[in-house]
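Here is what each chain is made of, one letter per residue.
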Amino acid sequence: MIKISPSILSADILELEEEIRSLDINGADYIHIDIMDGHYVPNITFGPNIVKSIRKITSKILDVHLMIQPVKHYIEEFIDAGSDIITFHPEADENVEEIIKIISDAKIKVGIAIHPKVNISDIDYLFNQVQQIIVMTVIPGFGGQKFMYDQVQKIKDLDEIRKNNNYNYEIAVDGGVNNENAKICKDNGADVLAVGSYLLSQNKNNYNKIINSLK
Ligand code: DX5
Ligand code: ZN
């Protein structure tokens, strides 16, 4: 069954604990934490301290999505904070192989994220070294944007490349995911859906129902 990774980007920071606890008990598989630096993307969110605090209140997989540039300098802090998966954008740092090694040596899953403007052929040399690939279906930076259907082909291509080469990465889709496009993601080979505003704009009493319907 497809996994749901709610993105806390659009959560009210003052209610974050309650938010995480309700996602935890209502069927979230991962918690997606968007780290933005105001440089790689034109928005600023959280740092490693938030990951550390969330780590204390849930045992769910912490799916940390770094939208920062450079990347390498900050990796150790996100490892120490208790991340389970650390995903970064390869074009944001020149030390890509080294970053992958640092994360892998810490026994944490490594992910790479594909910006809508990046082609699969630009980064496919990394596919045998990673455990997650995020297909971005919005321009990274903000929640609540529209799903870019022209990125769906990348999900399909990644699934095919995985089958042909016996790779074992999970394919995640991030950006504008809702009840209208979840199925097309799944049908094309997605394993994980990061879902932000569509889920978090709802009443917490409905989380379970919405997560199940997305699945
Ligand atoms: C976008 C972030 C996404 C975002 C998803 O830059 O990486 O994870 O939080 O939010 P929605 O689902 O609202 O597009
Ligand atoms: Zn994200």
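Residues numbered from 1 in each chain as written. Chains lettered and ligands numbered in written order. Predicted model: local features only at pLDDT ≥ 70, side-chain atom pairs only at ≥ 80, totals over all residues. Heavy atoms only, no water.

Topic: the coordination of the zinc ion (ligand 2)
Tetrahedral coordination by four donors places them ideally at 109.5 degrees to one another around the metal; octahedral coordination by six donors ideally gives 90 or 180 degrees. Around the zinc ion (ligand 2), the protein contributes the donor atoms His-32 (NE2), Asp-34 (OD), His-65 (ND1) and Asp-174 (OD), which lie 2.1 to 2.2 Å from the metal centre. In this structure, the zinc ion (ligand 2) is surrounded by six donor atoms whose angles at the metal cover 70 to 169°, and the resulting shape is octahedral. Spacing between the donor residues of the zinc ion (ligand 2) along the chain follows H-x1-D-x30-H-x108-D. Taken together, the residues span a long stretch of sequence, with Asp-34 in strand β2 (residues 30-36) and Asp-174 in strand β7 (residues 170-174) at a distance of 140 residues. Across this residue pair, the class does not change: Asp-34 and Asp-174 are buried. (Donors = N, O, S within 2.8 Å, 3.2 Å for Na, K, Ca; no water. Tetrahedral: all angles 85-135°; square planar, octahedral: opposite > 155°, others 65-115°. Helix = DSSP H or I, 4+ residues; strand = E, 2+ residues; numbered from the N terminus. Buried < 20%, exposed > 50% of the residue type's maximum accessible area, 1.4 Å probe, protein only.)

Some details on unusual backbone geometry
Cis peptide bonds are those with omega within 30 degrees of zero, and the linkage from Gln-69 to Pro-70 qualifies with 0°. Along the chain, Pro-70 falls in the loop between β3 (61-67) and α3 (72-80). Positive phi outside glycine occurs at Lys-107, with the angle close to 60°. Here Lys-107 shows up in the loop between α4 (96-105) and β5 (109-114).

Here we look at the environment of Leu-193
Secondary-structure assignment places Leu-193 in strand β8 (residues 192-195). Residue Leu-193 is classed as buried on the basis of its relative accessible area, which comes to 0%. Counting along the chain gives 72 residues from Leu-193 to Ser-121, while the straight-line C-alpha distance between them is 23 Å. Sequence-distant contacts of Leu-193, defined by excluding residues within four places in its chain, comprise Ile-2, Lys-3, Ile-4, Ser-5, Val-173, Val-177, Ala-182 and Cys-185. (Contact = heavy atoms within 4.5 Å.)

Structural notes on helix α6 (residues 152-165)
Helical geometry note: an α-helix holds 3.6 residues per turn, so side chains three or four residues apart project in the same direction. Here α6 spans 20 Å end to end across 14 residues, near enough to the 20 Å set by a 1.5 Å rise per residue. Of the positions making up α6, those classed as buried are Val-152, Lys-154, Ile-155, Leu-158, Asp-159 and Arg-162. Considered in projection along α6, the buried side chains sweep an arc of 160° and stay on one side of the axis. For α6, the elements touching its buried residues are β5, α5 (120-123), β6 (132-136), β7 and α7 (182-187). In the stretch just after α6, Asn-166 is the one whose phi turns positive, near 55°. (Expected span 1.5 Å × (residues − 1). Arc of directions from axis to C-beta.)

Concerning the site of ligand 1
Taken together, the neighbourhood of ligand 1 is formed by 19 residues, with Asp-34, Gly-144, Asp-174, Gly-176 and Ser-197 sitting nearest. Between ligand 1 and the protein, one listed contact pairs an oxygen atom with a side-chain N or O atom of Asp-174 at 2.6 Å. Ser-197 has a polar side-chain atom sitting 2.6 Å from an oxygen atom of ligand 1. For ligand 1, the accessible surface in isolation is 380 Å², of which the surrounding protein chains cover 99%. At the level of elements, β2 and β3 are the ones that each hand at least two residues to the shell around ligand 1. At three residues, the largest contribution of residues to the shell around ligand 1 is made by β2. (Near = heavy atom within 4 Å. Polar contact = N/O pair within 3.5 Å; in protein donor to acceptor, adjacent residues only side chain to side chain. Areas by Shrake-Rupley, 256 points an atom, 1.4 Å probe, with all protein chains shown as cover.)

Digging into the sheet that holds β6
Here we have eight strands laid out as an open sheet, ordered β1-β8-β7-β6-β5-β4-β3-β2, and parallel in their pairing. Two strands lie at the open edges of the sheet, namely β1 (3-6) and β2, each paired on one side alone. Strand-to-strand twist in this sheet, taken as the mean axis angle between neighbours without regard to direction, amounts to 25°. One ladder, built from four bridges, connects β1 with β8; its direction is parallel. Across the sheet, the residue bridging to Lys-3 is Val-192, located in β8. Sitting on the sheet, α6 touches β5, β6 and β7, and the angle it makes with β7 is about 175°. (Pairing = 2+ DSSP bridges. Axes fitted to C-alpha atoms, helices over the stretch in contact; angles between N-to-C directions.)

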